[in-house]
Every structure is written in structure tokens, then in C-alpha cells.
Amino acid sequence: MKKNILIILLLFSGAVFACTCDPPKITEKYIESDFVAKAKIIKNYKNESSKELYKADILISELFKGESLKSIYVLGRSDGNMLSSCSIFIPENTELIIYARKDKDGKYVIGMCSGLLYVTKSNQKKQKRELEILQTFKSKKIIFTDKINYREKSNISDDLKQFKGIELNKDYGIYEITFNTDLTIKSVSEISGFENQIDQKLLEIIKKSKWSSFDNGIDDKVPENSKLIIGIYFYPKEKKYSSFLSPYYL
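Residues numbered from 1 in each chain as written. Predicted model: local features only at pLDDT ≥ 70, side-chain atom pairs only at ≥ 80, totals over all residues. Heavy atoms only, no water.

> Can you help me understand the pattern of salt bridges in this one?
A side chain of one charge can pair with a side chain of the opposite charge when the charged atoms of the two come close. Under the counting rule described, the total for this entry stands at 12 salt bridges. For Arg-101, the salt bridge identified is with Glu-32, shortest N-O distance 2.6 Å. With Arg-101 in strand 6 (residues 95-102) and Glu-32 in helix 1 (residues 26-32), the pair connects residues that are 69 residues apart, well separated along the chain. By relative accessible area, Glu-32 is classed as buried at 16%. With a shortest N-O distance of 3.8 Å, Asp-159 and Lys-208 are connected by a salt bridge. Residue Asp-159 is located in helix 3 (residues 156-160), and its partner Lys-208 is located in the loop between helix 4 (198-207) and strand 12 (211-215); the two are separated by 49 residues in the primary sequence. For Asp-159, a relative accessible area of 26% translates into the label partly exposed. (Salt bridge = Lys/Arg side-chain N within 4 Å of Asp/Glu carboxyl O. Helix = DSSP H or I, 4+ residues; strand = E, 2+ residues; numbered from the N terminus. Buried < 20%, exposed > 50% of the residue type's maximum accessible area, 1.4 Å probe, protein only.)

So, in C-alpha cells, the structure goes:
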């Protein structure tokens, strides 16, 4: 399965920047964010300049990662007059799961590429799963932040085809990879498995996977004992389609 890449333009500080978004997996957006919470937008403020960045006060209902915040910043315009297709506007009283990064000025910022999940009646199944996974991270005290970009070079999806038609009582498993500095895998551990005998097989599949990385201009080299959290997701049988396991968060 290929990711759809969204290429859009972001006008910021009078310059034009390419804004490229891969639909993020929950494990990626959680680890790369400095603040994660379920919250409601309670007040929007006017943009202070021509920049597409406005302040929004929030009311947190559940905090998963980071310090408790009173406000965040949104890449967009509060008057709805968007200057670029990368802009977003979040109306007051909107409830969502927020994934924010801290910028160089100390502001916690969200935008189109942040992986926000809006709490609506139409996506209740995804909300339930996402909140369960976030609560797992919180209960396991997984609070580290790592902005290294990892990409799989092997194909875990092929190895998971052996589980087509499997029946499981849980719809996700979460695993932690620890790397050597050259991206060879030092160890793989289970954070929250399927509570089934397949967990050991999944650990073996993940341990033989291959990865690349990018971090501030450096390719395929990471600090010793760098960690990556990955998920394996169970999708039950639907009409004529068999159940299956996938590394993709759909």
C-alpha cells in the first residue's frame, strides 16, 4: 500500500515553502510531538501579523504527553481568509486530539500536517482505537520525544500476509525497536501485544526488518540506543474481504 503524498504550498513570513505531508501513523505523530491531548478549542484570537499563525485557547479533557497547556498556535488565519492551501482554521467549540510541536520561539504549533483527529460522530471507531493506543502510551510512561524520520526499507507487509484470515480479540499491537548507531536492530520488545501466540512471531518479523533514517541532514546514522515505536494493526473480516494484519494505520 502506497502512501498518498500531499504537496502543498505554505506562505509564511512572506516566503513560499513546500509543505509535504505523508499521512502519519499514530506511533510517529505521538513520538515526534511535544504535546498530545484530547481538547476543545474554546477561543480563537486574531492573527497578530500577516503570518499564518494564530493563537487558540484550549480546554484539555485528557492529557497524554507534555505539560498542561492553556493555549496553542494554529498554522492558518482566524478570519478564515487563507492565503495558502496549507492553512487551516479550527472553529471554537471543536473537539479534537491534538499533536503539537514546540517551535524555536517556544510556541506549541499545530497544522495540516500534524495528524490531528477531529472528534465527530462519523469517526467514532477510529477515535476509540486512537484513544486506547494513547492511553496505552500513557500507562506505559512512553513520554520521550524523537524527531528522527525513519522509513522501512524491507517490507513487513509481505511477512504479515501469513496471518490473512486470522481472528483476534484486539485490534492493535505496539512494539519498540532499539537501534545501534548504524540502524541495525539491537532489540525488539513488546509494549502491548495481541495477547496471542502470534506476538512472538511478530517480534521475529520486526527484528529482521531494515530501516533508513534522516535527521537534520544526516542519513542512516542515529544515536546509539535510539528507539522507534511501531504498530501492527488488525483489520477484521468485512463482507468478501478476509481479516488481515498491517503496519499501516488506516
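> Just checking my understanding: could you explain helix 4 for this structure?
Along an α-helix, residues three or four apart share an orientation, since each turn contains 3.6 residues. Among the residues of helix 4, those classed as buried are Ile-198, Asp-199, Leu-202, Leu-203, Ile-205 and Ile-206. Each buried residue of helix 4 lies within a common arc of 160° when the element is viewed along its axis, so the set occupies one face. Buried-residue contacts for helix 4 involve helix 3, strand 10 (172-179), strand 11 (185-192), strand 14 (227-235) and strand 15 (244-246). (Arc of directions from axis to C-beta. Contact = heavy atoms within 4.5 Å.)

> Please clarify how the nonpolar core should be interpreted in this entry.
In summary, soluble globular proteins display a tendency toward joint burial of nonpolar side chains. Of all hydrophobic cores here, the largest spans 26 residues; its most connected members are Tyr-175, Ile-177, Phe-179, Phe-194, Leu-202, Trp-211 and Leu-245. Of all elements in the fold, only helix 3, strand 10, strand 11, helix 4 and strand 14 reach the threshold of two or more residues within this core. It is helix 4 that provides the largest number of residues to this core, a total of 5 residues. Ranked by size, the runner-up nonpolar core spans 20 residues in total, among them Ile-26, Ile-31, Phe-137 and Tyr-235. (Core = buried A, V, L, I, M, F, W, Y, C linked by side-chain atoms within 4.5 Å.)

> Please clarify how the packing of aromatic side chains should be interpreted in this entry.
By convention here, two paired aromatic rings are described through the distance between centres and the angle between planes. For the structure on display, the rule yields 6 aromatic pairs. When the ring centre of Tyr-45 is taken as origin, the NZ or CZ atom of Lys-55, which lies over that ring, is 5.2 Å away. (Phe/Tyr/Trp six-rings, centres within 6.5 Å; stacked < 30°, edge-to-face > 60°. Lys NZ or Arg CZ within 6 Å of the ring centre and 35° of its normal.)

> Would you mind showing me how to read the sheet that holds strand 9 (residues 149-152) here?
Two pairing modes exist for strands in a sheet, parallel and antiparallel, and in both the strands are linked by backbone hydrogen bonds. Spatial ordering of the open sheet is given by 9-12-13, a layout of 3 strands whose pairing is antiparallel. Strands at the two margins of the open sheet, each flanked by one partner only, are strand 9 and strand 13 (218-219). Taken together, the 4 bridges between strand 9 and strand 12 define a ladder with antiparallel strand orientation. When the sheet's bridge partners are listed, Arg-151 is paired in strand 12 with Ser-212. (Pairing = 2+ DSSP bridges.)

> Can you walk me through the sheet that holds strand 15 in this structure?
What the 4 strands build is an open sheet, ordered 11-10-14-15; its pairing is antiparallel. The two strands at the open ends of the sheet, each matched to only one other strand, are strand 11 and strand 15. Adjacent strand axes in the sheet meet at a mean angle of 25° when their direction is disregarded. Both strand 10 and strand 11 contribute to a ladder of 6 bridges, which runs antiparallel. Bridge pairing in strand 11 places Ile-177 opposite Val-188. (Axes fitted to C-alpha atoms, helices over the stretch in contact; angles between N-to-C directions.)

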